[in-house]
Every structure is written in C-alpha cells, then in structure tokens.
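# Summary of the model geometry
What follows is each chain in one-letter form.
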Amino acid sequence: MDSNPFLNLLKRGSNVAGSAALVLLCVHLYAAFFVAPEEVVQGAIQRIFYVHVPAAVNAFLAFIVAGIGSVAYLWNRGRAWDATAVASAEVGVFWGAIVLITGPLWAKPVWGAWWTWDARLTSTLILWLTFVAYRLVRELAGGGEKGARFAAILAIVGTLNIPFVRISTEKFRTLHPGNVAKAGLDPTMHKVLFLGMGTFFLFTLFLLGKRILLEELRDRRLAIELEGS
Amino acid sequence: MTELLRDIRLIAAKDLAVELRSKQMLTAAGVFGVLILVVFNLGFHPDERDPIAMTPGVLWAAFLFAGNLALERSLSMERNDGCILGLLVSPIDRGAIYLGKFAANLAVLLVVEAFLLTLHLLFFSMVLSPQQWLLLASLAFLGSAGYVAVGTLMTAVAGGTGHKELVLPLLLIPLAAPILIGAVRATTALLHGAGWGDLLFWFQLMLAYDGVFLTAGFLLFEFALEE
C-alpha cells in the first residue's frame, strides 16, 4: 500500500481531515450551545438544528456521490470508483440515521408529534431506505464484482428517484421549516450553521477516506487468500 | 430501429406465450391480490368503512403487492431452466430484452389489476361514472408502467443476489414511492369528482417517471444480466 502514492495521499488526507474535524467539532458544539442566540419561540430545543441540518446536507451529498461513483464504475469498471460509491453510500446512511433521529427529537416538543408524513420527512426516509437496501444487495450478492455491479444499478436508479420523491411529496402541504426560516435567520445562527456544515463535511471526508482504505485492505486480503489456496 | 421493435415484440410474445400456457404469474398475482383485498375488508368493521376514503389505499396496495409477486416470477422462469443463457447468446440487444420483458410484465399486471378493481368495486358496492373509469384506467396504466419499468430492472438485480423473494420488495417499494403517492392522491381526487385538468400534475409526474426509468432500464439492464 505504501508504494501507491494515491493510497498514501488518501491515508494522510483522511487523517488530516479527521483531526481537523475533531478540533472543529469541539468549537462547533461550544458555538451551538453558548454562542448562538436562543430562539424566541422554540427555546433551547432549536439548537438541535445545528446538528440536524448539517447532517442532512452531508447525507444528500454522500448519496449523490454514491450515484456518481456508481455511474463511473459501470462506465469503466475501476475498483476505486466502486470503493468510493460503497463508502459514500454507507456514510450517507450514517448521516441519514442522525437526521432521522434528531428530527423526531425536535418535532415532538415543537410540532407535538414524533413523526408526520411531511414532504421532507418522507423523502428522507425513502432515500435512506433505498441506500440501506444498497448495502443489503452488496452483502447478499456475496461481495466482489457481482455485488458491486448490482449495487451500482440500484444506486443509480435510487439517485434518479430523488427528484421524483421530492416533487411528489412536496405536492402535500408541508410543515417543515424551509427557505422562509433560512431567510429570517439571525446572522450568528447562520455562522454557527455553516461552521457545522464545514465540520461535518470534514468528518465525511475522514469517514470516506478510511472506508475506501478498508475496501483496499479487503482486496489485499482476498488476493493473499487466493495466492495461498 | 425496426430491428429493435421486432426484437422487443419477439421477447414480449415469447414471455406472453409462456405465461398463457403456465398462467403462473396470473394465478399467483391474482390470488395474492384477492387475499390483500380480503385482508383489508376484514381489517375494518363493515359499519365503519368509508369506500371513498379507503379505495385509493386498498386498491394501490393490492396492485403493488400483486405486481411484486408477478415481477418476481418473471425472471425466475428464465433462471430456473437456464433459459437466460439462451437469451444472452441470442443476437438480441439487452435493451430489447428489457423492453420486451417490460411489455409482457405490464400486460400481465394490467389484466390482474382489471380483475382486482372489478372485485373491489363489488366488495364495496361502488359504481363509477364512465369518466371515472377512463381516468382510473389511465392512472393504472401510467402508474403500472412506471412500477413495471423499475420492477423489471430490479428483478434482475434481486435475482442476482440469490435472495430474490427477500430483496425485491425492499428495492421496489422505496423506488416506487413517487408512483404510489401520485396514484393514491389522484385516485382520491377522481373519486371526489375531479376531472382531467385537476389530475394533470400527477399524469405529468407519472409520464416523466415512466420515461426516465424506462430509459434507465434500457441502458442498465445489460449490467444486471452479465454472469
């Protein structure tokens, strides 16, 4: 591995991103709790927003990268593309789980219900389920080239499905705070939100790098096993 | 182009001929659909059920799950007897195989849906106006086309994992969510007397969905068939 400059870069890059994310996470948590002003109507619970929104942005980003990586993989069958796709699909499922947990925690006191079949909730859940199925397909197909190929098809179709899910769910009335809330946001709140997005993005890069390296390790183990048998 | 159309027709005719002889998909999906209708009818007290409120959900749940079963059969018949190899070595474009199978699956599903719809109206003693029939038929056609477009591709993916029965619904239901949402909303609207203009949005959405996923299936099917 150490002879490969790309993997070396990946290793060093993900370590740098991970360290930076760790430091920034402390700053971000401090800012979210003590610097950002208290929301007038919702009170302290609104602060979950500094975790929820950055996680959602990173989840969607990761799913789109998984879709692009899958197209590239079917196109040229490069193992690196497949590793990128599977890594981002998993990172997306991780952030998606955080979104789906923090959302109801906020919704219960503010909306009075853990869950509503609101447009954004429904579309996030559907997308998340698609990429959970992605993981399952890979696992059940027994890994290797075949699993990668089948999973890539699913990731592409799942990504194509995103606009349809958004449009069809948004046709209902939606309760979710959207662009209106953003426009009227306090400047300090905005800064803390962007800090959160940046921090989580670095963490995404860290996870992606480590997960791609893990795929490479698996390949090497497989190669050694094949040599031995 | 004419060659592509001929190949599509050949594959579709082959699948339909096999289906007409075995009637595997028709009976499996038809019986399963009836069971879903029965379950919904037993699940609500006769005095408390509201036909207009219940019809969209009951009907589309039956269509989707019956369709799931039909789709599951469609590719396993090729895999069981190694027919898939014959298909793969034949000088036919993989995209044409996909479109042929899509057409045959859609035809089977529409027959099952017509049967289930009739039965549902009977169970609920409902009468539809000619315009409602026409609207519902158009909805069923566009919605099922999208569902089968995604489903035909996903059966190949699910079949490849070796756990088809388990995997297919997990793949298909989230992917078909826009179709389900659109179909249920539009059916509710038409039962309340909405006309073509009111349903335009959902018709457009389904047409776009059908177009996108038919194209995706046409292009991606060959990757799902490689052994």
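Computed from a predicted model, the values in this text were never measured in an experiment.

This next bit is on the overall build of chain B. Scanning chain B from terminus to terminus reveals nine helices and zero strands. Listing the helices and strands of chain B from first to last along the sequence gives α-α-α-α-α-α-α-α-α. Along the three orthogonal principal directions, the C-alpha set of chain B runs to about 60 × 35 × 30 Å. Counting all 227 residues of chain B, 53% fall into the buried class. For chain B, the proportion of contacts with a sequence separation of at least 24, taken over those separated by at least 6, is 84%. Within the structure as shown, chain B displays about 9800 Å² of accessible surface, and the carbon and sulfur contribution to it stands at 70%. Counting 12 positive and 18 negative side-chain charges, chain B places the centres of these two groups 6 Å from one another.

A count of helical and extended segments in chain A gives seven helices and zero strands. Mapped from its N terminus to its C terminus, chain A presents α and β elements in the order α-α-α-α-α-α-α. Projecting the C-alpha coordinates of chain A onto the three principal axes gives extents of approximately 65 × 40 × 25 Å. By the burial criterion, 46% of the 229 residues in chain A qualify as buried. Taking contacts inside chain A between residues at least 6 apart in sequence as the whole, the part at least 24 apart equals 78%. Per element, the accessible surface of chain A, about 11600 Å² overall, is 71% carbon and sulfur. With 21 positive and 15 negative side-chain charges, chain A shows a spacing of 3 Å between the two charge centroids.

All names here are of chain A. Within this structure, the stated rule accounts for 19 salt bridges over all chains. Between Asp-82 and Arg-138 there is a salt bridge whose closest N-O contact spans 2.9 Å. Of this pair, Asp-82 sits in helix 3 (residues 79-111) while Arg-138 sits in helix 4 (residues 119-140), and the two are 56 residues apart along the sequence. For the pair formed by Asp-82 and Arg-138, the shared burial category is buried. A single salt-bridge network, built from bridges that share partners, covers Arg-79, Asp-82, Glu-90, Arg-135, Arg-138, Glu-139, Arg-211, Glu-215, Arg-218 and Asp-219.

Residues A:Phe131, A:Tyr134, A:Ile153, B:Met154, B:Leu171 and B:Leu220 are the most contacted members of the largest nonpolar core, which totals 115 residues. The element best represented in this core is helix 6 (residues 130-161) of chain B, accounting for 14 residues. Sequence-distant contacts of B:Leu171, that is, excluding residues within four places in its chain, are made with A:Ala133, A:Val137, A:Leu154, B:Met154, B:Val157 and B:Ala158.

The subject of this paragraph is the packing of aromatic side chains. When we look at a pair of aromatic rings, we describe it by the centre distance and by the angle of the planes. For the structure on display, the rule yields 19 aromatic pairs over all chains. When the ring of B:Phe201 is compared with that of B:Trp202, the centres are 4.9 Å apart and the planes differ by 80°; the resulting orientation is edge-to-face. Three or more aromatic residues joined by ring pairs form one cluster here, namely A:Phe94, A:Trp95, A:Phe200, A:Phe203 and A:Phe206. For A:Arg149, the ring lying beneath its charged end belongs to A:Phe150, and the centroid distance is 5.5 Å.

Another point: the interface of chain A and chain B. Each side of the interface is counted separately: chain A has 28 residues, and chain B has 30 residues. Between chain A and chain B we count zero salt bridges in total. Counting the contacts that link chain A with chain B gives two residue pairs in polar contact (both at pLDDT 80 or more). At the level of elements, helix 4 and helix 5 (144-170) of chain A are the ones that each hand at least two residues to the side of chain A that touches chain B. Per-element tally for the side of chain A that touches chain B: the top contributor is helix 5 of chain A, with 16 residues. Residue composition of the side of chain A that touches chain B, by class: 18 nonpolar, five polar and five charged.

Turning our attention to the packing of helix 5 (residues 94-123) of chain B against helix 9 (residues 196-225) of chain B. Residue and element names in this part refer to chain B. For the pair helix 5 and helix 9, interaxial distance at closest approach is 8 Å and the crossing angle is 120°. By the criterion of interaxial angle, the relationship of helix 5 to helix 9 is oblique. Along this stretch, helix 5 crosses helix 9, giving a crossing that reads as right-handed. In this structure, helix 5 contributes Arg-94, Gly-95, Ala-96, Ile-97, Tyr-98, Leu-99 and Phe-102 to the contact, and helix 9 contributes Phe-213, Leu-214, Gly-217, Phe-218, Phe-221, Glu-222 and Leu-225. Within the contact of helix 5 with helix 9, the residues separate by chemical class into ten nonpolar, two polar and two charged.

Right, let's get into the packing of helix 8 (residues 177-191) of chain B against helix 9 of chain B. Residues and elements named next belong to chain B. Across the interface, helix 8 lies against helix 9 with an axial gap of 10 Å and an inter-helix angle of 155°. By the criterion of interaxial angle, the relationship of helix 8 to helix 9 is roughly antiparallel. Crossing of helix 8 over helix 9 shows left-handed handedness. Residues Pro-178, Ile-179, Ile-181, Gly-182, Ala-183, Arg-185, Ala-186, Ala-189 and Leu-190 of helix 8 lie in contact with helix 9, whose contacting residues are Leu-199, Trp-202, Leu-205, Met-206, Tyr-209 and Asp-210.

Cut-offs and rules
Residues numbered from 1 in each chain as written. Chains lettered and ligands numbered in written order. Predicted model: local features only at pLDDT ≥ 70, side-chain atom pairs only at ≥ 80, totals over all residues. Heavy atoms only, no water. Helix = DSSP H or I, 4+ residues; strand = E, 2+ residues; numbered from the N terminus. Buried < 20%, exposed > 50% of the residue type's maximum accessible area, 1.4 Å probe, protein only. Contact = heavy atoms within 4.5 Å. Areas by Shrake-Rupley, 256 points an atom, 1.4 Å probe, with all protein chains shown as cover. Lys, Arg positive; Asp, Glu negative; His and termini not counted. Charge placed at Lys NZ, Arg CZ, Asp CG, Glu CD. Salt bridge = Lys/Arg side-chain N within 4 Å of Asp/Glu carboxyl O. Core = buried A, V, L, I, M, F, W, Y, C linked by side-chain atoms within 4.5 Å. Phe/Tyr/Trp six-rings, centres within 6.5 Å; stacked < 30°, edge-to-face > 60°. Lys NZ or Arg CZ within 6 Å of the ring centre and 35° of its normal. Polar contact = N/O pair within 3.5 Å; in protein donor to acceptor, adjacent residues only side chain to side chain. Nonpolar A, V, L, I, M, F, W, Y, C, P; charged D, E, K, R; others polar. Axes fitted to C-alpha atoms, helices over the stretch in contact; angles between N-to-C directions. Parallel < 35°, antiparallel > 145°, perpendicular 65-115°, else oblique. Left-handed = near helix turned anticlockwise from the far one by under 90°.

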